[in-house]
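What the coordinates show
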There are 2 protein chains.
Amino acid sequence: MKTKFKLIALDADDTLWHNIPLFNTTEARFREILTASQDTDTIEQRLYQTEKRNLEHFGYGVKSFTLSMIETAIELTEGHIPATHIQEIIDLGREMLKAPVELLDGAEETIRILAEQVPLMLLTKGDLLSQESKLARSGLGGYFSAIEIVSKKDTDTYRKILRRNDLQPSQFLMVGNSIQSDVLPVLEAGAAAVHIPYHTTWVHEQADMEALQGKDFTCLESLRELPAWLTQTEWIR
Amino acid sequence: MKTKFKLIALDADDTLWHNIPLFNTTEARFREILTASQDTDTIEQRLYQTEKRNLEHFGYGVKSFTLSMIETAIELTEGHIPATHIQEIIDLGREMLKAPVELLDGAEETIRILAEQVPLMLLTKGDLLSQESKLARSGLGGYFSAIEIVSKKDTDTYRKILRRNDLQPSQFLMVGNSIQSDVLPVLEAGAAAVHIPYHTTWVHEQADMEALQGKDFTCLESLRELPAWLTQTEWIR
């Protein structure tokens, strides 16, 4: 495999390891705590609204999600939720942070193949400690020559990474499951992006389909297809 | 001012801007919420224990502190705290994240003088989003050529920073208010450290005085003294 890219950055959550299912399982258990007070749809909608409202100050990650669950529970029960249920919600958050890291199919093998050819960067947003801990537990840490945990992935973030690594946009490839975070801002910065959709997408990450009009990026079904795609790309250009 | 250092890294909380007073004010308001249930000392001790226990999974920062306040309140009231009080605690956390950034005396002037002579790095631990937001609001962002927000400041963290910046230990100086985070691990990595104590020290950061035996570092009273110290150091060596 030869590639024109001098740095390939990979997203982590739902690109290398499963993350959405953990949130979904927790949300299901959160709904169980509240079922006496509200129906499933209302709980889901209110939690979504609370998360959205809190994003500016609390940011992404499990701690922020936990605080949003607590606020939603207080609001939906009009302040009548017993403190023991709030403790259960905090425990849900703590369990998420301790949950085992489950790699996506083919992740380790693919990362190993790529790392032999080109420097890899893990580029993820979220909670610093929690992402570092997941990387450590994933066993993939040794394959990455750089780790960047950022608070948001916008065009400016990608431009900074290019500048800091002395790279031309054409030398950088981003790979991830989110159109909004891993594809659109990368293309805007003039670099290349490969989209590998996860089977479900987090509601905060759903991109406006119109924003994709006329954009040039590649969509692969699995991380396993990436090495072959890289070889082919080089051969064509 | 001439200096042998090729990079000077500065801690942020309680080195460039006030942080402990914000935690102290919040803790006072937290104690007020709980005064019906417990005396001040008990509340303080239990909160400290909860924070310590949660550090491994929740890490540093305001969100972690907020979750610890909630857990402490539930424990101290044996589950009888009303949810409205828990909402007040969450609001305390949100207010902390929105609080204005107050620079220490002389911080801006000193940073400006230093930045004209040598590349500066902001090197802080804590919550990614909250530290970035504080830096943006501090007005100091433009003086730093690099920002590193890390989950912990141990010797390994400093070694990585040296390696990533192609620096010999003797070319690096760390400046901060914490013996435990900004001095001891830096000396262990073979680099230099300047300690500028804040008038109070966070209880989690209090260093064992024995660990300081035979260590070679400088203690200054104020950031204002740093440029003169740098000039003098260069002159002596």
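Computed from a predicted model, the values in this text were never measured in an experiment.

A few words on the environment of B:Asp216. Residue and element names in this part refer to chain B. Here Asp-216 is to be found in the loop between β5 (192-195) and β6 (218-219). The exposure class of Asp-216 is exposed, given its relative accessible area of 65%. C-alpha separation for the pair Asp-216 and Val-194, spaced 22 residues apart in sequence, amounts to 9.7 Å.

Now for the sheet that holds strand β4 (residues 172-176) of chain B. Residues and elements named next belong to chain B. Pairing within the open sheet is parallel, and its 6 strands lie in the order β3-β2-β1-β4-β5-β6. Where the open sheet ends on each side, the last strands, each with one partner, are β3 (146-150) and β6. Bridge analysis of strand β2 (residues 120-125) against β3 gives 5 bridges, and the strand direction is parallel. The partner of Thr-124 across the bridge, within β3, is Ile-149. Across the sheet, helix α8 (residues 179-188) touches β2, β4 and β5, and the angle it forms with β5 is around 155 degrees.

What follows deals with empty space enclosed by the protein. Taken as a whole, this structure holds 1 cavity of 30 Å³ or more when the rule is applied. Space inside the largest cavity adds up to approximately 160 Å³. Forming the boundary of the largest cavity are 19 residues, of which A:Asp127, A:Leu128, B:Gly126, B:Asp127 and B:Leu128 lie nearest the centre. Of all elements in the fold, only α6 (128-138) of chain A together with α6 (128-138) of chain B reach the threshold of two or more residues within the lining of the largest cavity. Residues of the lining of the largest cavity, tallied by class, amount to 9 nonpolar, 6 polar and 4 charged.

Core analysis: the biggest nonpolar cluster contains 46 residues, and A:Phe30, A:Ile70, A:Ile86, B:Phe30, B:Ile70 and B:Ile86 have the highest contact counts within it. Residue assignment for this core shows that the elements contributing at least two residues are α1 (20-34), α2 (40-58), α3 (62-76) and α4 (83-98) of chain A together with α1 (20-34), α2 (40-58), α3 (62-76) and α4 (83-98) of chain B. The contacts of B:Phe30, once residues within four sequence positions are left out, are B:Ile43, B:Leu47, B:Met69, B:Thr72, B:Ala73, B:Ile89 and B:Leu92.

Residues and elements named next belong to chain A. If you trace the 6 strands from one edge of the open sheet to the other, you get β3-β2-β1-β4-β5-β6, paired in parallel fashion. Looking at which strands have only one partner, the edges of the open sheet turn out to be β3 (146-150) and β6 (218-219). Note: strand β5 (residues 192-195) against β6, 2 bridges, orientation parallel. Across the sheet, Val-194 pairs through a bridge with Thr-218, a residue of β6. Sheet strands touched by helix α7 (residues 155-164): β2 (120-125), β3 and β4 (172-176). Its angle to β4, the strand with the most contacts, is close to 135 degrees. Here helix α8 (residues 179-188) sits on the sheet in contact with β2, β4 and β5, set at roughly 155 degrees to β5.

Now for the relation of the copies chain A and chain B. Expressed as a screw operation, the relation of chain A to chain B combines 0.0 Å of axial shift with a rotation of 180 degrees, fitting to an RMSD of 0.0 Å. The relationship between the two copies is best expressed as a two-fold rotation axis. A share of 100% of the interface residues of chain A reappears at the interface of chain B, consistent with the copies meeting face to face through the same patch.

Partitioning chain A into structural domains gives domain 1 (7-17 + 101-236) and domain 2 (20-98). Using only C-alpha atoms to locate each centre, domain 1 of chain A and domain 2 of chain A end up separated by 29 Å.

The interface is formed by 32 residues belonging to chain A together with 32 residues belonging to chain B. Of the roughly 2,900 Å² buried between chain A and chain B, counting both surfaces, carbon and sulfur atoms make up 66%. Counting across the interface, chain A meets chain B through 4 salt bridges. Across the chain A-chain B interface, the total number found is 10 residue pairs in polar contact (both at pLDDT 80 or more).

Right, let's get into the packing of helix α7 (residues 155-164) of chain B against α8(B). Residues and elements named next belong to chain B. Running from N to C, α7 and α8 point in directions that differ by 65 degrees, and their axes come no closer than 8 Å. Here α8 runs roughly perpendicular to α7, going by the angle between their axes. The two elements α7 and α8 meet at a crossing, and its hand is right-handed. Facing α7, whose interface residues are Thr-155, Tyr-158 and Arg-159, α8 presents Ser-181, Asp-182, Pro-185, Val-186 and Glu-188. Among the residues making up the contact of α7 with α8, the classes are represented as 3 nonpolar, 2 polar and 3 charged.

So, on to unusual backbone geometry. Residues and elements named next belong to chain A. Positive phi is not limited to glycine here, since Asp-14 has a value of about 65 degrees. Within the fold, Asp-14 resides in the loop between β1 (7-10) and α1. The class of Asp-14 is buried, set by a relative accessible area of 5%. The residue Glu-78 is not glycine, and still its phi comes out positive at about 50 degrees. Here Glu-78 is to be found in the loop between α3 and α4.

All names here are of chain A. This model, assessed by the stated rule, comprises 34 salt bridges over all chains. Linking Lys-134 and Asp-13 is a salt bridge whose minimum nitrogen-to-oxygen distance equals 3.0 Å. With Lys-134 in helix α6 and Asp-13 in the loop between β1 and α1, this pair connects stretches of sequence that are 121 residues apart. With respect to class, Lys-134 is no different from Asp-13; both count as buried.

Residue and element names in this part refer to chain A. Inspection of the secondary structure assignment puts Glu-188 in helix α8. Spatially, the C-alpha atoms of Glu-188 and Ala-12 are 21 Å apart, while their sequence positions differ by 176 residues. In this structure, Glu-188 is in contact with Thr-155 and Arg-159, ignoring residues within four places of it in sequence.

So, how was this worked out
Residues numbered from 1 in each chain as written. Chains lettered and ligands numbered in written order. Predicted model: local features only at pLDDT ≥ 70, side-chain atom pairs only at ≥ 80, totals over all residues. Heavy atoms only, no water. Helix = DSSP H or I, 4+ residues; strand = E, 2+ residues; numbered from the N terminus. Buried < 20%, exposed > 50% of the residue type's maximum accessible area, 1.4 Å probe, protein only. Pairing = 2+ DSSP bridges. Contact = heavy atoms within 4.5 Å. Axes fitted to C-alpha atoms, helices over the stretch in contact; angles between N-to-C directions. 1 Å grid on protein atoms, 1.4 Å probe; cavity = no way out; pocket = protein on both sides within 12 Å on 5 of 7 lines; lining within 4 Å. Points joined across faces, edges and corners; volume = space filled by probe spheres on them. Nonpolar A, V, L, I, M, F, W, Y, C, P; charged D, E, K, R; others polar. Core = buried A, V, L, I, M, F, W, Y, C linked by side-chain atoms within 4.5 Å. Least-squares fit on C-alpha atoms with pLDDT ≥ 70 in both. Domains from an automatic or database assignment. Buried area = accessible area lost by both parts, 1.4 Å probe. Salt bridge = Lys/Arg side-chain N within 4 Å of Asp/Glu carboxyl O. Polar contact = N/O pair within 3.5 Å; in protein donor to acceptor, adjacent residues only side chain to side chain. Parallel < 35°, antiparallel > 145°, perpendicular 65-115°, else oblique. Left-handed = near helix turned anticlockwise from the far one by under 90°.

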